[in-house]
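For reference, the chains in residue letters:
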Amino acid sequence: QHFSPPHSSIWNNQMENFILYEELGAGCNSVVYKGRRKGNLNYVAIKCTDKTKRPEITNHVRLTQDLDHPNIANFYEWYETSNHLWLVVELCTGGSLESVIALDGSLSQDGVRRFGWHLVKGLKHIHELGIIFSDLTPAKILLDGSGILKFGSFCLSKAEGETLQDFLTLFSASEEIEEGDSNQNTDNLKKRLQGSTAYSAPEVLEGSETNMNSDLWSLGCILYYMYTGKPPFCSDNYTELREMILNEEPPPPSCCSCGPYCKVLLIMHFIFRCIFRMNWPQLLAHPFWTQIIKEEEDSYGRHTPRMSGTQTSIVNHTLLSILFSSCSCSSRANSVRNCSSSDCPNQNIAPQVTLTTSNCTDTTCCVKDLLHTEFDLTVTPVIDNPKILKNTPVRYDPKTLCVPAYSGEKLQSLSDEEWTVFLSQLCSSIEEQSHSTSTATRSKLNLLCYLCCVVGHTVIANRLINSRLVGKHIFVLDSLMGLLALHCRDLGVDSPVSEAVSTLTDLLRDNLRNSKIKRLLLPPLAEFLYLISSQEKKRGSPEGLWFVPAAAYTGLMRSLREGDDTAVHHMAAKAIENISTVLSGPSHHLVTTEIGSALWYLFTHSTVEAVRVTAISSLSRLTRVVPAIFLSVIDTCGPVAILEGLVGTGARVQQHLLTAVAAALLTSCTQTHRVTQNRDLVLKVLRCLESPSTITRAKAILLLLLLIQDNTHTLLYCCQNRLVIYLERDLRKATPLRENPSQSGYLSQCLDLLIAYLSSTAPVIMEDVLCALRGVIGRRHPTTPQSKQLKQTLPTLSIVLDLVSSQVTWSKITSHCLVLKALAVSYIHFLINAKQQSLFLNTEFPFIYQMLYSDMFMSRYETLLRAPEPIPLHALKLLVSMTEHNGQQLSAENQEIWEESIHCLSLLVQLYCGEGPDCLSPSCLRSFSHVLRTRMHTETPRTQRTALKIIKRLVSKHPHKRTIRKA
Ligand SMILES: Nc1ncnc2c1ncn2[C@@H]1O[C@H](COP(=O)(O)OP(=O)(O)OP(=O)(O)O)[C@@H](O)[C@H]1O
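Residues numbered from 1 in each chain as written. Predicted model: local features only at pLDDT ≥ 70, side-chain atom pairs only at ≥ 80, totals over all residues. Heavy atoms only, no water.

Before going further, it helps to spend a moment on the overall build of the protein. Of regular secondary structure, the protein possesses 46 helices and nine strands. Within the protein, buried positions represent 56% of all 967 residues. Excluding contacts between residues fewer than 6 apart, the proportion of contacts in the protein whose partners are at least 24 apart in sequence is 74%. Summing over all exposed atoms, the protein offers an accessible surface of approximately 42100 Å²; the carbon and sulfur share of this is 52%. (Helix = DSSP H or I, 4+ residues; strand = E, 2+ residues; numbered from the N terminus. Buried < 20%, exposed > 50% of the residue type's maximum accessible area, 1.4 Å probe, protein only. Contact = heavy atoms within 4.5 Å. Areas by Shrake-Rupley, 256 points an atom, 1.4 Å probe, with all protein chains shown as cover.)

Further remarks concern the UniProt feature "binding site: ATP" (unreviewed entry) in the protein. According to UniProt, the positions carrying the feature "binding site: ATP" (unreviewed entry) are Lys47. Relative to the elements of secondary structure, lysine 47 occurs in strand 3 (residues 43-50). With relative accessibility at 17%, the residue lysine 47 sits in the buried group. With near-sequence residues (within four places) excluded, lysine 47 lies in contact with Ser30, Val31, Val32, Ile57, Leu85, Trp86 and Leu87. (UniProt positions renumbered as here; feature names shortened; annotations may be inferred.)

Inspection of the entire model under this criterion finds 22 salt bridges. With its nearest N and O atoms 3.3 Å apart, the salt bridge here joins aspartate 110 to arginine 113. Note that aspartate 110 and arginine 113 are positioned in helix 4 (residues 109-128) at a spacing of three residues, about one turn of the helix. Of the residues examined, aspartate 110 reaches a relative accessible area of 48% and is grouped as partly exposed. We classify arginine 113 as buried; its relative accessible area is 7%. Across the pair aspartate 506 and arginine 509 runs a salt bridge whose closest N-O atoms are separated by 2.9 Å. Placement of the pair is aspartate 506 and arginine 509 together in helix 22 (residues 497-510), with a separation of three residues, close to one helical turn. (Salt bridge = Lys/Arg side-chain N within 4 Å of Asp/Glu carboxyl O.)

Okay, helix 26 (residues 593-605) next. Between its first and last C-alpha atoms helix 26 spans 18 Å; for 13 residues at 1.5 Å apiece the expected length is 18 Å, and the two agree. Within the sequence span of helix 26, burial applies to Ile595, Gly596, Ala598, Leu599, Trp600, Leu602 and Phe603. The inward-facing, buried residues of helix 26 abut helix 24 (550-561), helix 25 (566-581), helix 27 (609-625), helix 28 (628-644) and helix 29 (651-665). (Expected span 1.5 Å × (residues − 1).)

Bringing the packing of aromatic side chains into the picture now. By convention here, two paired aromatic rings are described through the distance between centres and the angle between planes. The final tally for this structure, using the stated rule, is 10 aromatic pairs. Through successive ring pairs, a cluster of aromatic residues spans Phe133, Phe151 and Phe154. For the cation-ring pair, lysine 34 lies above tyrosine 43, with the distance from its terminal atom to the ring centre recorded as 4.3 Å. (Phe/Tyr/Trp six-rings, centres within 6.5 Å; stacked < 30°, edge-to-face > 60°. Lys NZ or Arg CZ within 6 Å of the ring centre and 35° of its normal.)

For the rest of this paragraph, the subject is the sheet that holds strand 1 (residues 18-27). Strand order across the open sheet formed by five strands is 1-2-3-5-4, with antiparallel pairing between neighbours. Looking at which strands have only one partner, the edges of the open sheet turn out to be strand 1 and strand 4 (75-80). Looking at each pair of strands side by side, their axes are set apart by 25° on average, direction ignored. (Pairing = 2+ DSSP bridges. Axes fitted to C-alpha atoms, helices over the stretch in contact; angles between N-to-C directions.)

Turning next to the nonpolar core. One broad rule of soluble globular proteins: the nonpolar side chains tend to lie buried together. Core analysis: the largest hydrophobic core is formed by 122 residues, its most contacted members being Leu529, Leu599, Trp600, Phe630, Val685, Leu702 and Leu723. A domain-level breakdown of this core finds at least three residues from each of domain 2 (388-394 + 436-590) and domain 3 (758-913). Residues in contact with phenylalanine 630, not counting those within four places in the same chain, are Trp600, Leu619, Thr623, Ile642, Leu657, Ala660, Val661 and Ala664. Grouped together as the second largest cluster of nonpolar side chains are 48 residues, Leu149, Phe151, Leu223 and Phe288 included. (Core = buried A, V, L, I, M, F, W, Y, C linked by side-chain atoms within 4.5 Å. Domains from an automatic or database assignment.)

To continue, consider the site of the ligand. Every one of the 15 residues lining the ligand counts as a neighbour, but Cys28, Ser30, Lys47, Lys53 and Glu90 are closest to it. Within the backbone of cysteine 28, one N or O atom sits 2.8 Å away from an oxygen atom of the ligand. Burial of the ligand by the protein amounts to 79% of the accessible area it has alone, namely 620 Å². Put simply, the parts of the chain that give the shell around the ligand at least two residues each are strand 1, strand 2 (30-37), strand 3 and strand 5 (84-90). Ranked by residue count, the leading element in the shell around the ligand is strand 1, at four residues. A class-by-class count of the residues in the shell around the ligand yields nine nonpolar, three polar and three charged. (Near = heavy atom within 4 Å. Polar contact = N/O pair within 3.5 Å; in protein donor to acceptor, adjacent residues only side chain to side chain. Nonpolar A, V, L, I, M, F, W, Y, C, P; charged D, E, K, R; others polar.)

Among all positions in helix 3 (residues 97-104), only Leu97, Val100 and Ile101 are buried. Along the long axis of helix 3, the arc covered by the buried residues comes to 95°, so they all point the same way. Helix 3 presents Ala102 and Leu103 as exposed residues on the side facing more than 90 degrees away from its buried surface. Next to the buried residues of helix 3 lie strand 7 (141-143), strand 8 (149-151) and helix 8 (212-228). Positioned one or two residues after helix 3, glycine 105 has a phi angle of 85°, which is positive. (Arc of directions from axis to C-beta.)

The next point concerns the confidence of the model for the protein. For the protein, per-residue confidence averages 72 on the pLDDT scale, and 61% of positions sit at 70 or higher. The spread of mean pLDDT over the elements of the protein runs between helix 14 (residues 332-335), the lowest at 25, and strand 8, the highest at 96. Long-range and interchain partners of residues 851-858, a stretch whose pLDDT sits below 50, account for 24 contacts in this model, where long-range means more than four residues apart. (pLDDT = per-residue confidence, 0-100.)

Structure follows, in structure tokens:
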């Protein structure tokens, strides 16, 4: 009902307000006109549809009415007349993508990149809002007057998790349809739901509901279509087309203008189907888009008016978050993490944040989710905190007490009447004492001490703080007030806390230079401000329920900077630390770059470790709320000075600093780039993986993830500097985890995330390497750009080799064809070294390449990988060590050894992968055994051991073991 269009009578009136121009196009049961509202110069598109399409139109309206994105055609309004529904949407004068391609035949690589990027951005936005586009075809994509592609019709789209048919049937059912039409209508609906087969993902053709992955499949088909002018699979016959999509690979795009990146992008989409179908992170990270992202960033920079550093960072952040940021993928709600600590029972620990990576498909999003743990949001008291000031225990003398010396338990159990009596006794004693001049002081102190001892009970604290005692007697009881605030859990709206805060603020302002008084005033003020913040958060009130003068926050800030009293500095920093954990309403006054730099100054200049820890922890918490705070510190000091802080400090400082840097870099590509440009800095973060603290190691992993993301060369550098060894150590749990098991759980989550990232990146790297090699097939001498590309990409192969040749990471990397590819490519690499990049490419490479992509190869490989002690891993190790060992020596001089090794390697490849008649043929095996016999004694013991293992395994497990034994 919510989506019912306005009634026909209204539309008849409305109709007079619109002018219809020419027809723009027609669909089945619909005509689209150009139109304009009278008195308005903006043209619109007006779609007039038959009422049988009410379910789809209703669906379109409900899904698009809140969408606002440059790559989605805007919805404006809709109406109903007696026979039609009318939809007013954004005008796209360029027609559909289908009509563009029909005219142009196909697009150039640049065209595909530019248009493809529009589609990527639009679809990403759609997915981020939890919508599945479903029927993604070129006919549904429109081109506006300025050359921007827009997603047009959402008639067959749906919210994630929904079954579209149910939704549409519901609306069909609500239509007043004649009996006889009902069946026909259901049939029509089913037909319409089938969408366009040519762009449907295999699983959808097999009956699954559409989902984000199937949308991405269709997106791949459209990229292919833009490029070649045809969808990847075409046939006029439905059954034939379905079979093709389910079982075949599309012909590789062969257009001469097709650049390598574009080809890889398309190949990755289709070849190997489920294994290699791209997901969002892979798609966004693909080098095909690099140029356009850069162009967009540049033009964004050009068109943006000059801004201060902080503003620029924030804008950059916005731009980047539009382009790259997390795709929480299921719905908006999933991406928001609730870090409220308002309900924590003991005020000591903020509630545990559920750490999960399962919903995240984007690394940045997962890092963001994992970055702050309950440990980072711990709240400790400012008042009576022995780490700030040593306290002497409070005692009182019950005999001379001017009120009944009830114990805490007794006080809690007082009835309302008894409590009122006690309270009035208390107030009148305080009043008397404040007027008297002689013996008051001792008695006053005794009363204060008594109250301090009993207010630790929440019920008593709640009762007192909501009483008239608070506002009236603040002068006498300021530290008591702090204790009340510390223990109170339920603040009444009428509680006079504002009065207390204002009084404390005034006192602080009047005594800014007096450290002794500040030591007395800051703790209660800090407790009050935290109490107010957390209570406001608890009530979900964005506006201040209790008035706090801005001067209170200014007072905290000034206490952070002025004077040289360490305790005062510490108190102010701790106050900010606590408040920033639950930032709400007015406490946003704290989030300023000034406070950021004051905390950084305190961190870098204080000589007391506890103060440094609190300062950097506060800064980290503020950065969690507004990353620009720490970004402006990084802007000012430079990343070198910032990461210097990691060296030679305690684990806690490292943890907070790593967290703050990661939280800031999450939003700034520029700063991330600055860090990765400096290898020393990357190394500093990497070295944190040696820390004995599991939390430090976990945080370092998260920061490293941000640094290596989309940066293969930084990843390569990390691998060269023992990244995989560090991972192995933690994955094996070689170091006993002495700390809290939940902390080691946290480390495992971070490790899993890194491994997941590596396992999704390894195939991409491999594909880039293959792409570089593919370019030189059939060439005697690669061109200069090809050599350059080879030079750049081939070394990155060692990342994959590192990962697949480590027992531990290998078992985590589940992509079945990866090891196989690494095997073959390192073989090629070996050949390149040996033959100095020529000749062999004509003969050897096409063979290997063909093998890599053959079905037979793939199916066989999976079985081998599943074996408990997989052969390929050993083969790979042997291969790697031989490659490393012989690569240089063999270049040209030692032809004999080179040939033998080639035999050996080629045999390995065939042994593990081949199934044809030649595989394991007696002659192959003979030459293999010959190579082993003659070469093995010169090999290192490690290589010999590996070779022996392989042989042992071959002999005992292989189906052709007899032949092998004989050989
Ligand atoms: N917003 C628009 N601006 C300009 N032209 C449009 C717009 N929307 C549609 N058109 C044109 O009208 C044609 C038909 O659009 P319509 O949305 O009805 O197509 P359709 O989705 O194929 O319809 P159906 O599902 O009813 O077959 C499109 O091919 C396009 O040329």
